Each structure stands twice: as C-alpha cells, then as structure tokens.
Amino acid sequence: MAVLTFPGVQLLDVAGPAEVFTTANAHGARYDVRIVSAAPGPVATSAQVRLDAGDTWEELPARLGTLVVPGRRDWREAVADPALVAGTAALAGRARRVTSVCAGAFMLAEAGLLHGRRAATHWRLARELALAYPGVTVETDALFVRDGNVVTSAGVTAGIDLALALVEEDHGPGLAREVARELVVFMARPGGQSQFSARLTLRESTHPVVRQVMDFVGADPSADHDLTALARRAGVSVRHLSRLFRAHTGMTVGRYAESIRLEAAQALLEASGEPVDTVAARAGFGSAEAMRRAFQNTFGISPTVYRARFRTTALSGRPRIPDRAPEPVGVPSRKAARPGPVRLSPDGG
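Residues numbered from 1 in each chain as written. Predicted model: local features only at pLDDT ≥ 70, side-chain atom pairs only at ≥ 80, totals over all residues. Heavy atoms only, no water.

Concerning the overall build of the chain
- The secondary structure content of the chain amounts to 15 helices and 11 strands.
- Expressed as a percentage of contacts within the chain between residues at least 6 apart in sequence, the contacts between residues at least 24 apart total 68%.
- For the chain, the exposed surface amounts to about 16300 Å²; the carbon and sulfur share of it is 53%. (Helix = DSSP H or I, 4+ residues; strand = E, 2+ residues; numbered from the N terminus. Contact = heavy atoms within 4.5 Å. Areas by Shrake-Rupley, 256 points an atom, 1.4 Å probe, with all protein chains shown as cover.)

Take a look at the structure:
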C-alpha cells in the first residue's frame, strides 16, 4: 500500500487514506502502508506540515497492492514535473490497483492512465480535468469512481470514503464498518459531492437577449418564468430564444430557471428557520414536493437534510456528536456509481 508524497501535496489527501488503512490493521487487516517520495527527506505539504516519507520509490517492492496518488491545489505544477509523472506511471505499472484523491486524478491523466476511462475529482476541478484531458469521462457528482483497476475520488475527505470502500472490498463490510465507527465517519456518505459544490458555474453571456432573460429570472426566482412569457418580454420568438440560450449558456431556459431557484432555496434553508413550504414558495417552486424532487435529483438529498447539514456548525444544548458513526446507508462501491457516467459538457437540461 504505497501513498505518494511530493512538494505541495495536500496533507489530508495523504493522511486520510493512510489513517483508514492503519486503523483497519488494528481490526485485523494486514496492510503494509508505505508513505513514499521520490527522494529521501521531508516533503513540505500544502498545510506547511512536513512529511518525512519512510521510503523512496526505489525502495518499494517490485509488485504493489495499491498505489494512492494524492493531489496538490495547483495541479499544473504537479503535472509539469516530468520526473514525478514518469515515476507515477512506473509505480502504477507495478500496482494491482491504482487510486487517486482529489487533484491526483490530473497526475493519473497526465501519465495516460485515465484515457478512455471514467473518473472523479474535486467538483471545483471537474471542468478543468475534462478540458485538459478530453479522453477522460468526468463524473461530476460521484464521491469516487471505479473503472477497471483504477479508482479516482472527489475532493480531500472523499479520500477517506475511497479508502473505506477499498477496505470493504479487501476485508468485507464488517471490518470496514468498525473502521468507520472508530474514525467517526459515514460508512457510505449520503448524497454525492454536488451537495457541497457551488451552484452551476455558467458561461458568461454578452448577448443582449440572453443577458436580459438571465436578469429577468435572477431578479425574481419566484415569478412565473414560462418560456413563452420570457420570449415575449425579450421581444423574440420562443424558438429563437431557446436556440440562443442553449448556444450561449449550454443549457435550456428551464434548466437555468431551476438552477436559480435551487440557489435561492439553498440560501433560504441555510440562513432562515422558515418552514420548507415557505422556502419552496419564496424560491419559486410550485410546492414543497417539487422542491424536494429538484433537490433529490440535483444533490441526492432532501431540503430538510440539506438544512440540517449546512445551516450552522453551532451546537445547541448538549453536544450531539455520536460515540460511533452512523450505520451504513449503503455499499460504498455501489454508491460511487451514482448518477452514472457523463462526458462533461455544457448541461443540455
């Protein structure tokens, strides 16, 4: 079990999986966890904590069970190091299973290990991965994605989700559950990473008609933004507006309106104690049920769960931190596959 380190590596990308595997050893697993670097000596991480790797790449066995490739915030700096990329590719060729955490997917892609494969990375980096490496099919919501013997994960703490799934694969759900309980984490985190992401990042449009319609919707998400009415206000035909909007934003008018309403609902759920019915009405959804369906389809969780998760970190009354992690919501390896592969492209909604 080799976990790479290199200058600028994100500390938790390394420490999270390593902690899962070493905790698994305390419950009966027998992982030989090696933190490795290209050269001996300490490595400065993103958190300015220096890691002293126990081994160099040359000191590893000829065959590896699992290779874990972490990332660094500036992925371009990592992939611009030819020795680091070549070394990663060489180690991957010796490993039974190759994994990445967060921006580590860029390293695998640069080494040619993700061409023609599905992959995950941090939600903020998904579009960059797809644009930089067109041969990779990027799944934007999954916490981790398996494609053959390559498993890639989303941002930072998703490396823990990935490591737990590997422990379950190797030693069964019972041992993985014990690790999850000891680390006080979910066995399978409910929902995908879209619940943590910023709302849809839209292409800026300088087209006056498209900009006008976007302003109409954004000014009052609760209004009736029927396509016909919006076209009439913009002074164009429905067909022309539909074509313009898709060409300049990559999505339909209806999808854009829903995204603005979701954004409004998120803000209301986070900042107010208003009932869900009231939030749904203020955000422009016809009913609480319509808002629930939109949340479920987009984030994989309900509005009520979203509010509980993101409203505040303050504890009211006695601490509600459980003495053991919640029971599993599902099997992690199956959870990773939701919502299915997509070639990252402008939303056709």
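Description of the sheet that holds strand S10 (residues 144–147)
- Across the sheet, which stays open at both edges, the 7 strands sit in the order S5-S2-S1-S6-S7-S11-S10 with mixed pairing between neighbours. Looking at which strands have only one partner, the edges of the open sheet turn out to be strand S5 (55–56) and S10.
- As defined by bridge partners, strand S2 (residues 34–37) adjoins S5 across 2 bridges and the pair is classed as parallel. The residue of S5 that forms the bridge with valine 36 is aspartate 55.
- Across the sheet, helix H3 (residues 82–93) lies against strand S1 (2–4), strand S6 (64–69) and strand S7 (95–100), angled at about 150° from S6, the strand it touches most. (Pairing = 2+ DSSP bridges. Axes fitted to C-alpha atoms, helices over the stretch in contact; angles between N-to-C directions.)

Focus: the nonpolar core
- Phe21, Leu67, Phe106, Leu114, Tyr133 and Val167 are the most contacted members of the largest nonpolar core, which has 62 residues in total.
- Residues Val213, Phe216, Leu241 and Val253 belong to the second largest nonpolar core, which totals 17 residues. (Core = buried A, V, L, I, M, F, W, Y, C linked by side-chain atoms within 4.5 Å. Buried < 20%, exposed > 50% of the residue type's maximum accessible area, 1.4 Å probe, protein only.)

Some points on the pairing of S10
- Alignment of S10 against strand S11 (residues 150–153), held across 4 bridges, turns out to be antiparallel. Its bridge partner being in S11, aspartate 147 is matched across the sheet by valine 150.
- The antiparallel pairing of S10 with S11 creates a hairpin that spans 2 residues between the two strands, and glycine 148 there sits at a positive phi of about 65°.

Examining the pairing of S11
- Of the two faces of S11, the one lined by Val150 and Thr152 and the one lined by Val151 and Ser153 are each fully buried.
- Two elements, S7 and S11, share 3 bridges in a ladder whose sense is parallel. Bridge pairing in S11 places serine 100 opposite threonine 152.

A look at the pattern of salt bridges
- Applying the stated criterion to the full structure yields 14 salt bridges.
- Among the ionic pairs, glutamate 128 bridges to arginine 76, the shortest N-O distance being 3.5 Å. Taken as a pair, glutamate 128 in helix H5 (residues 126–132) and arginine 76 in helix H2 (residues 75–79) lie far apart in primary sequence, 52 residues in all.
- With its nearest N and O atoms 3.8 Å apart, the salt bridge here joins aspartate 147 to arginine 117. Highlighted residues: aspartate 147 in strand S10 and arginine 117 in the loop between helix H4 (104–110) and strand S8 (118–119), separated in sequence by 30 residues.
- In this structure arginine 117 comes out as partly exposed when scored by relative accessible area, which is 22%.
- Linked by salt bridges that have partners in common, Arg97, Arg146, Glu169 and Asp170 make up one network. (Salt bridge = Lys/Arg side-chain N within 4 Å of Asp/Glu carboxyl O.)

So, the packing of aromatic side chains
- Taken as a whole and assessed by the stated rule, the structure comprises 7 aromatic pairs.
- Where tryptophan 75 meets phenylalanine 106, the ring centres are 4.1 Å apart and the plane angle is 15°; that geometry is what we call stacked. Note that tryptophan 75 is positioned in helix H2 and phenylalanine 106 in helix H4, a separation of 31 residues in sequence. As far as the burial class goes, tryptophan 75 and phenylalanine 106 line up, both buried.
- Measuring from ring centre to ring centre gives 5.1 Å for phenylalanine 295 and phenylalanine 299, while their planes differ by 70°; the resulting arrangement is edge-to-face. Of this pair, phenylalanine 295 and phenylalanine 299 both sit in helix H13 (residues 288–299), separated by 4 residues, roughly a single helical turn.
- Three or more aromatic residues joined by ring pairs make a cluster, and in this case those are Trp75, Phe106 and Tyr133. (Phe/Tyr/Trp six-rings, centres within 6.5 Å; stacked < 30°, edge-to-face > 60°.)

A look at the packing of helix H11 (residues 253–271) against helix H12 (residues 276–283)
- Packing of H11 against H12 leaves a shortest axis separation of 9 Å and a crossing angle of 140°. Note on packing geometry: the crossing formed by H11 with H12 is right-handed. Judged by residue contacts, Arg261, Ala264, Ala265, Leu268 and Leu269 of H11 engage Val279, Arg282 and Ala283 from H12.
- Broken down by class, the residue content of the contact of H11 with H12 amounts to 6 nonpolar, no polar and 2 charged. (Left-handed = near helix turned anticlockwise from the far one by under 90°. Nonpolar A, V, L, I, M, F, W, Y, C, P; charged D, E, K, R; others polar.)

Re the confidence of the model for the chain
- Chain-level statistics for the chain give a pLDDT mean of 83 and a share of 84% at 70 or above.
- Across residues 313–349, where pLDDT falls below 50, the model places 63 contacts with residues more than four positions away in sequence or in other chains. (pLDDT = per-residue confidence, 0-100.)

Some thoughts on unusual backbone geometry
- In this structure, glutamine 48 takes a positive phi of about 65° despite not being glycine.
- Tracing the backbone shows glutamine 48 in the loop between strand S3 (42–44) and strand S4 (50–52).
- Positive phi values are uncommon outside glycine, yet cysteine 102 reaches one of about 55°.
- Tracing the sequence through the fold places cysteine 102 in the loop between S7 and H4.

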